[in-house]
Amino acid sequence: MLNDGSRALSTASAILRSLNSFVSVSDSMGTYGNVNAGANASNGGNPFAVSALSGTPGGYQASMQLVAYSWIEIAPGLGGTGQSLGFTDGGEDQDDVVSRILPFTFQFYGQSYDTITVCSNGWIAFGSTTQFDYRNFHMGSPLGPANMIAAYWDDLIETGIPNGGVYVLDDAANGRCIIEWIATCLWAGGAAPQKFQVILYDPEATPSPTGDGKILVQYQDVNPHPNSASFDNDYATVGIQNINHTSGLEICYWNAYTAGSTTLVDGRAITFTTDLTGAINPQFALLSPNGGELWLQDSTVNVLWSPGLVTGGVNIELSRNGLLGPWTSIAGNTPNDGQFAYLVTGTSSLNCRVRVSAVGTPDSTDTSLSDFTIASIVTVLNETFESGGVGWTHAPANGWIDQWHISTEQAHGGASAYKCGDTGAGNYANLLDAQLTSPVVNNLPPQATLIFYHIVDSELSNANPDSAYDGGWVEMSVNGGPFAPITPTEGYPKTTRHEAGGGNPYSGPVAGQACYAGTISNWAQEQFNLGAYADSSIQLRWRFGSDGGANREGWYVDDMQIYGIAAVTGPAIPVGLTIAVSGNDLLLRWVDDDSWGYRIYSSITPDFSSLGLGRNTQTNTFTIPGGFAANAEKFYYVVGWGGH
């Protein structure tokens, strides 16, 4: 697992889930330990167990989901260092409750408390109470204790299950108090184990804007269950409520979730906080671009960051040369609201980084974890048919009929479009297999996209509206190969018939072909992703087929365009670099090329893993005063520079 975020993950665990029917996960729990930002970790000491059905196709790519979270095990029987509260709740009317002193003062809904009450039924409350409410209700109702955190409020039992109990760890050294339940639902017959934690963070160590403490509720093993009896309410309640039950936040009750709330699943963690960042440990963190993004010239993009507790404005800078710079300001003293819209200007580069810094405290800064790209759009096909469609051809398949022609009956952008059908507004003929073919498009750019506009009026099946007797689709030939259908990003809406009315064979050219058909009366844009064919030569074909029955007006197509990302080249590397010694100075020379200027970097290792800050020159020589020193080995690297 790679932690590509900006924060370290401590005592990390993970749950592996299968997202398809071919593969099952029999052991879904894994542990990774501490994973620093940018670091990798393995769960080799606690691996997953995965199996596939015997009928799984060879080479099948199975989608999986890995949910990582920081679980802090405190149960002594599982290696933790927590203290058992000695609860013996093992059945009906055996509920336990206890009050205890917190290791720090905790503020909840604006009030400070040094005591909590812990109940075996999955909740805590600030202050002391002898209530043990096992019958859960809505948050904000008159029932339940005041100042409540309902992690999993239900009628639970802890005895008779492995490591069952409620445990507490006063971890003042790390500014937190942890309460953990290992329980099961009373009326579930052992079929609904629950393992969850409430973590209270010392407001002094992890402050919030209002002073209220931060609360993390996390679920390692959660199995929502009706847990029903005649005097119990079904399922659990999750949420918080204040001292007089007039304010609160409810996640779920009776298996119904409030709008915007997430569902309870293994590995879920929920933070209750007044800090808008949602972070337990607020940090000034750049969120995007954080590496791998693509910014297009002349487009507006968003720089996103987590403001943390930084006050005042921020400066935002851009480098087109990685961490080495130079850094150019794109926003000065802009509000620290976590978002800035930037119109991308300047040259293309593969090595871009963004840096956000606090104006008042320049040490509060964060930079993109890795490089991203700024590039421009390049168009390799742009056909409006206003000049007759030079290089476009049309013909029927052998033995069929072709009715493609340039029409002025309807057009998208100008006066002309190609139509498959009769002239004017006339209907198309029976038994068409008409093929409109583009010129060859060479050297398709990266991330290429095809768009075109069209109108359709063709015959559908009355009995099966998703089926068409007549329709059109797009095909493509790659590097001179055979034409084959390609699929739009949103898919085709219809499919040609396999049989005609009365069980007769379908009389059109291609049975079972996904297609455009029916009625699209307003010009609609269609899009095809051609990214898999970068650097290839392609040819496109718009193909329309009809059977031997009823006819409609046909298919109009217009304004075809293929665009992609222009190639972005790295900096030029000059040749012929030499180093000469003159006294204590070093003189570097290289062959001049077409670069605007050059940057010189130094390193103490030959792999340049510790690259020093670059120096600039517009000539093909550079002197490093005092660069020659006994027993001091250095390596030098010269690269072309555009001055940005």
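To be clear, the structure that these remarks concern was listed above.
Residues numbered from 1 in each chain as written. Predicted model: local features only at pLDDT ≥ 70, side-chain atom pairs only at ≥ 80, totals over all residues. Heavy atoms only, no water.

Asks: Describe the overall build of the chain, listing the residues and the values that go with them.
Replies: What the chain contains, in helices and strands, is zero helices and 48 strands. Its C-alpha atoms give the chain a radius of gyration of 34 Å, more than 25% over the compact-globule value 26 Å for 644 residues. In terms of principal-axis extent, the alpha carbons of the chain reach across some 95 × 90 × 50 Å. Counting across all 644 residues of the chain, residues that qualify as buried make up 46%. Only carbon and sulfur atoms are counted for the fraction: they give 49% of the accessible area of the chain, which is about 29,000 Å². (Helix = DSSP H or I, 4+ residues; strand = E, 2+ residues; numbered from the N terminus. Rg over C-alpha atoms; globule rule 2.2 N^0.38 Å. Buried < 20%, exposed > 50% of the residue type's maximum accessible area, 1.4 Å probe, protein only. Areas by Shrake-Rupley, 256 points an atom, 1.4 Å probe, with all protein chains shown as cover.)

Asks: Go over the side chain of Gln-218, please, and point to the residues and values.
Replies: Mapping Gln-218 onto the fold places it in strand β15 (residues 215-221). Here Gln-218 falls in the buried class, since its relative accessible area comes to 2%. Among the polar contacts listed, one links the side chain of Gln-218 to the backbone oxygen of Ser-70, at a separation of 2.7 Å. (Polar contact = N/O pair within 3.5 Å; in protein donor to acceptor, adjacent residues only side chain to side chain.)

Asks: Got a sec to walk through unusual backbone geometry? Specific residues and values, please.
Replies: The phi angle of most residues is negative, glycine excepted, and most peptide bonds adopt the trans form. The omega torsion of the bond from Ser-288 to Pro-289 falls at 5°, within 30 degrees of zero and hence cis. The backbone of Asn-333 sits at a positive phi, close to 55°, despite the residue not being glycine. Looking at the element boundaries, Asn-333 is found in strand β24 (residues 327-334). With a phi angle near 50°, Gln-447 is a residue other than glycine that sits in the positive phi range. Here Gln-447 shows up in the loop between β33 (433-437) and β34 (449-457).

Asks: So what about the sheet that holds strand β9 (residues 123-126)? Which residues, and what values?
Replies: By definition, the strands of a sheet pair up through backbone hydrogen bonds, in either a parallel or an antiparallel sense. Strand order in the open sheet formed by seven strands is β7-β8-β9-β10-β16-β17-β18, and the pairing between neighbours is antiparallel. If you trace the sheet from one side to the other, it starts and ends with β7 (97-108) and β18 (256-257), each paired once. Two strands pair when backbone bridges link them, and strand β16 (residues 237-241) and strand β17 (residues 248-253) are joined in this way by five bridges, in the antiparallel orientation. Its bridge partner lying in β17, Val-238 is registered against Cys-252. (Pairing = 2+ DSSP bridges.)

Asks: Describe the side chain of Asn-147, with residues and values.
Replies: Counting through the fold element by element, Asn-147 comes out in the loop between β9 and β10 (148-153). The exposure class assigned to Asn-147 is buried, which follows from its relative accessible area of 3%. Within polar-contact distance, the side chain of Asn-147 engages the side chain of Tyr-113 at 3.0 Å. Setting aside its immediate chain neighbours within four residues, Asn-147 contacts Phe-108, Tyr-113, Ile-124, Ala-125, Phe-126, Gln-241, Asn-242 and Ile-243. (Contact = heavy atoms within 4.5 Å.)

Asks: Let's hear about the packing of aromatic side chains: which residues, and what values?
Replies: Going through the model one piece at a time under the given rule, you end up with 26 aromatic pairs. Geometrically, the ring pair formed by Tyr-428 and Phe-544 is edge-to-face, given 5.1 Å between the ring centres and 65° between the ring planes. One end of the pair, Tyr-428, is in the loop between β32 (417-420) and β33; the other, Phe-544, is in strand β41 (residues 538-545), and 116 residues separate them in sequence. For the pair Tyr-428 and Phe-544, one class covers both residues: buried. Among the aromatic residues, ring-to-ring pairing joins Phe-385, Trp-392, Trp-404, Tyr-418, Tyr-428, Phe-452, Tyr-492, Tyr-516, Phe-528, Trp-542, Phe-544 and Trp-555 into one connected group. Residue placement shows Arg-355 over the ring face of Trp-327; its charged tip is 4.1 Å from the ring centre. One Lys or Arg, Arg-541, reaches over the ring of Phe-483 and ends 4.1 Å from the middle of that ring. (Phe/Tyr/Trp six-rings, centres within 6.5 Å; stacked < 30°, edge-to-face > 60°. Lys NZ or Arg CZ within 6 Å of the ring centre and 35° of its normal.)

Asks: Any chance you could break down the nonpolar core for me, citing the residues and the numbers?
Replies: Within the largest apolar cluster, 39 residues are counted, with the highest numbers of intra-cluster contacts made by Val-118, Phe-126, Ile-149, Ile-179, Val-198, Leu-200 and Ile-215. Other than its neighbours up to four places away in sequence, Ile-215 contacts Phe-106, Phe-108, Ile-149, Val-198, Ile-199, Leu-200, Ile-270, Thr-271 and Phe-272. By size, the runner-up hydrophobic cluster in this structure holds 37 residues, among which are Leu-450, Phe-452, Tyr-492 and Leu-540. (Core = buried A, V, L, I, M, F, W, Y, C linked by side-chain atoms within 4.5 Å.)

Asks: Lay out the state of the cysteines in plain terms, naming residues and giving numbers.
Replies: Considering all chains together, one arrives at zero disulfides under this definition. Not part of a disulfide, Cys-177 finds its nearest cysteine sulfur in Cys-119, a span of 16 Å. On the basis of relative accessible area, Cys-177 is assigned to the buried category, the value being 1%. Unpaired in terms of disulfides, Cys-185 finds its nearest cysteine sulfur in Cys-252, a separation of 12 Å. Exposure remark for Cys-185: the relative accessible area of 1% places this residue in the buried category. (Disulfide = S-S within 2.5 Å.)

Asks: Just give me the short version of the sheet that holds strand β1 (residues 9-18), but keep the residues and values in it.
Replies: Strand order in this open sheet of three strands is β3-β1-β5, and the pairing throughout is antiparallel. In the strand order of this sheet, the two ends are held by β3 (29-35) and β5 (64-70), each with one partner. Going across the sheet, the axis of each strand differs from the next one's by a mean of 25°, ignoring polarity. (Axes fitted to C-alpha atoms, helices over the stretch in contact; angles between N-to-C directions.)

Asks: Any chance you could break down the pairing of β33 for me, citing the residues and the numbers?
Replies: Most of β33 sits out of view: five of its five residues are buried. Residues of β33 alternate between two faces, with Asp-433, Gln-435 and Thr-437 on one and Ala-434 and Leu-436 on the opposite face, all of them buried. In terms of strand pairing, strand β30 (residues 393-396) meets β33 through four bridges, oriented antiparallel. Following the sheet pairing, Pro-396 is matched in β33 by Ala-434. Alignment of β33 against β41, held across five bridges, turns out to be antiparallel.

Asks: Explain the pattern of salt bridges to me, and be specific about the residues and the numbers.
Replies: Tallied over the full model, the rule gives eight salt bridges. Between Arg-176 and Asp-171 there is a salt bridge; the shortest N-O distance is 2.7 Å. What makes Arg-176 buried here is its relative accessible area of 17%. By sharing partners, the salt bridges in this structure join Asp-433, Glu-475, Arg-541 and Arg-543 into a single network. (Salt bridge = Lys/Arg side-chain N within 4 Å of Asp/Glu carboxyl O.)

Asks: Explain the pairing of strand β25 (residues 339-343) to me, and be specific about the residues and the numbers.
Replies: Of the two faces of β25, only the one carrying Phe-340 and Tyr-342 is buried; Gln-339, Ala-341 and Leu-343 on the other face are not. The sheet contact formed by strand β22 (residues 300-306) and β25 spans five bridges and is antiparallel. Directly across from Val-301, in β25, lies its bridge partner Tyr-342.

Asks: Go over the environment of Gly-90, please, and point to the residues and values.
Replies: Relative to the elements of secondary structure, Gly-90 occurs in the loop between β6 (83-84) and β7. Distance in space between the C-alpha atoms of Gly-90 and Ile-161 is 9.5 Å, their sequence separation being 71 residues. Setting aside residues no more than four positions away along its own chain, Gly-90 makes contact with Ile-157 and Thr-159.

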